[in-house]
Amino acid sequence: MPAFNPVVDALDARILALLADEGRLPISELARRLGLSAPSVTERVRRLESEDVIRGYAAGLDLQRLGYPLQALVRLRPVPGRLRDVEALLLQTPECIECDKITGEDCFVARLVLRSIQHLDQVLEPFADCAETNSALVKSTPVQRRLPPLR
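Presented here is a report on the structure given in the accompanying data block. (Residues numbered from 1 in each chain as written. Predicted model: local features only at pLDDT ≥ 70, side-chain atom pairs only at ≥ 80, totals over all residues. Heavy atoms only, no water.)

## Quick word on the pattern of salt bridges
- Enumeration according to the criterion identifies 15 salt bridges in this entry.
- Across the pair Asp85 and Arg82 runs a salt bridge, and its minimum N-O distance is 2.5 Å.
- Put simply, Asp9, Asp12, Arg44, Arg47 and Glu51 are held in one network by salt bridges that share partners. (Salt bridge = Lys/Arg side-chain N within 4 Å of Asp/Glu carboxyl O.)

Here it is in structure tokens:
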């Protein structure tokens, strides 16, 4: 694993911002927007990829159109000795689209996508023997996942 280098210059930051907004932006268009040559932009993008600053490209999905009108944030507190079981269940739960292992009384916070309130009960049922759960339905997401300050 390469050493972490916190220095991202202004041009790298502009490249990352453009790619974060439009991951499928062709190099030629990226170069045009930056006022640079395509080879120089290609070199920078490849360097950012090889240094794992850019770890992949993803599609932004409309979960409602995919049949998931609800999302829930679920805090999970495993019963003693069941931490690994809870983590394994989370990995096996397709409705769990994101999960963080956290400090504090609860060990995990999971983001679930749901078709209905009843679906929440179905998704959480396998956890009943190994964890306490506390759920909150997401009303809206005023701050979407975004880039942190880069400079």
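Back to the write-up after that little detour.
## Focus: the packing of helix 1 (residues 10–21) against helix 3 (residues 38–50)
- The interhelical angle for the contact between helix 1 and helix 3, taken along N-to-C directions, is 80°, at an axis separation of 11 Å. In terms of axis orientation, helix 1 runs roughly perpendicular to helix 3. Here helix 1 contributes Leu11, Asp12, Ile15, Leu16 and Leu19 to the contact with helix 3, which in turn contributes Arg44, Val45, Arg47 and Leu48.
- A breakdown of the residues in the contact of helix 1 with helix 3 according to their chemical character gives six nonpolar, no polar and three charged. (Axes fitted to C-alpha atoms, helices over the stretch in contact; angles between N-to-C directions. Helix = DSSP H or I, 4+ residues; strand = E, 2+ residues; numbered from the N terminus. Parallel < 35°, antiparallel > 145°, perpendicular 65-115°, else oblique. Contact = heavy atoms within 4.5 Å. Nonpolar A, V, L, I, M, F, W, Y, C, P; charged D, E, K, R; others polar.)

## Remarks on the sheet that holds strand 1 (residues 70–78)
- Taken in spatial order, the four strands make up an open sheet running 2-3-1-4, and their pairing is antiparallel. Two strands bound the open sheet, and with one partner strand each, they are strand 2 (96–101) and strand 4 (131–137). The average angle at which neighbouring strand axes cross in this sheet is 20°, direction not considered.
- In this sheet, strand 4 lies alongside strand 1 in antiparallel orientation, the contact comprising seven bridges. Within the sheet, the bridge partner assigned to Leu76 lies in strand 4 and is Thr133.
- Here helix 4 (residues 83–92) sits on the sheet in contact with strand 1, strand 2, strand 3 (108–114) and strand 4, set at roughly 30° to strand 3.
- Helix 5 (residues 117–124) contacts strand 1, strand 3 and strand 4 of the sheet and is inclined by roughly 135° relative to strand 3. (Pairing = 2+ DSSP bridges.)

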